[in-house]
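# Overview (structure and organization)
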Amino acid sequence: MFEDGPRAVVISRYGGPEVLDVVPLVVPPTPPDGVLVEVRAAGVNPFDTKVRSGARAPGPLAAPLRLGVDAAGVVVGSSIDGFSIGDAVIARGLTGAYATHVTAT
């Protein structure tokens with residue numbers, strides 16, 4: 001589905017939209033207590049904008065920071081009961097939802 005391969009949006013410094021970078025992503029493994037989701041849509045929340053700008057910075061950036069806390073997509077890996085591959089899901093409270101793939105626990 002993703003012709004350019006897996007990717008994620010990161011920031012390496014705080015600022016406006018110009019600090020957003022799209023980078024290759026190594027798809028994470030399915031967590032032992034959760035699911036791996038292929039993201040179809042990610043929410044852009046005021047919180048994300050504040051983190052990106054530095055207004056709600058978790059601290060100095062030592063490495064690129066992935067953004068996004070809300071996503072919708074399809075389960076492509078599951079290690080827990082109640083979720084099967086192919087299930088449509090909405091996930092909140094994530095880290096790095098601006099990506100082609102994200103884990104949720």
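For the structure itself, consult the block above.
The rules behind these values
Residues numbered from 1 in each chain as written. Predicted model: local features only at pLDDT ≥ 70, side-chain atom pairs only at ≥ 80, totals over all residues. Heavy atoms only, no water. Helix = DSSP H or I, 4+ residues; strand = E, 2+ residues; numbered from the N terminus. Buried < 20%, exposed > 50% of the residue type's maximum accessible area, 1.4 Å probe, protein only. Polar contact = N/O pair within 3.5 Å; in protein donor to acceptor, adjacent residues only side chain to side chain. Core = buried A, V, L, I, M, F, W, Y, C linked by side-chain atoms within 4.5 Å. Contact = heavy atoms within 4.5 Å. Salt bridge = Lys/Arg side-chain N within 4 Å of Asp/Glu carboxyl O. Pairing = 2+ DSSP bridges. Axes fitted to C-alpha atoms, helices over the stretch in contact; angles between N-to-C directions.

Of note, Asp-87 is situated in the loop between strand E5 (71–78) and strand E6 (88–91). The class for Asp-87 is partly exposed, based on a relative accessible area of 28%. As for Asp-87 and Ala-57, which are separated by 30 residues in sequence, their C-alpha atoms are 34 Å apart. Polar contacts involving the side chain of Asp-87 include one to the main-chain amide nitrogen of Ser-84, which spans 2.7 Å.

Next up on the list: the nonpolar core. By size, the foremost hydrophobic cluster in this structure holds 11 residues: Val-35, Val-37, Val-39, Ala-71, Val-75, Val-89, Ala-91, Leu-94, Ala-97, Val-102 and Ala-104. Mapped onto this core, the elements with two or more residues apiece are strand E3 (35–42), E5, E6 and strand E7 (101–104). Leaving out residues up to four positions away in the same chain, Val-75 has contacts with Val-35, Leu-36, Phe-83, Ser-84, Ile-85, Gly-86, Asp-87 and Val-89. Val-9, Ile-11, Leu-67 and Tyr-98 belong to the second largest nonpolar core, which has 6 residues in total.

Our next topic: the pattern of salt bridges. When the charged atoms of two side chains with opposite charge come close together, those side chains can pair. This structure, assessed with the given rule, holds 2 salt bridges. The partner of Glu-38 in a salt bridge is Arg-40, and the shortest N-O contact between them spans 2.9 Å. Looking at Glu-38, the relative accessible area reads 15%, which means it is buried. The closest approach of N and O atoms between Arg-92 and Asp-70, which form a salt bridge, is 3.7 Å.

Pairing within the open sheet is antiparallel, and its 4 strands lie in the order E6-E5-E3-E7. The open sheet is flanked by E6 and E7, the only strands paired with a single partner. Taking each pair of neighbouring strands and ignoring which way they run, the sheet shows an average axis angle of 45 degrees. Two strands pair when backbone bridges link them, and E3 and E7 are joined in this way by 4 bridges, in the antiparallel orientation. By the bridge assignment for E7, Val-37 is matched with Val-102.

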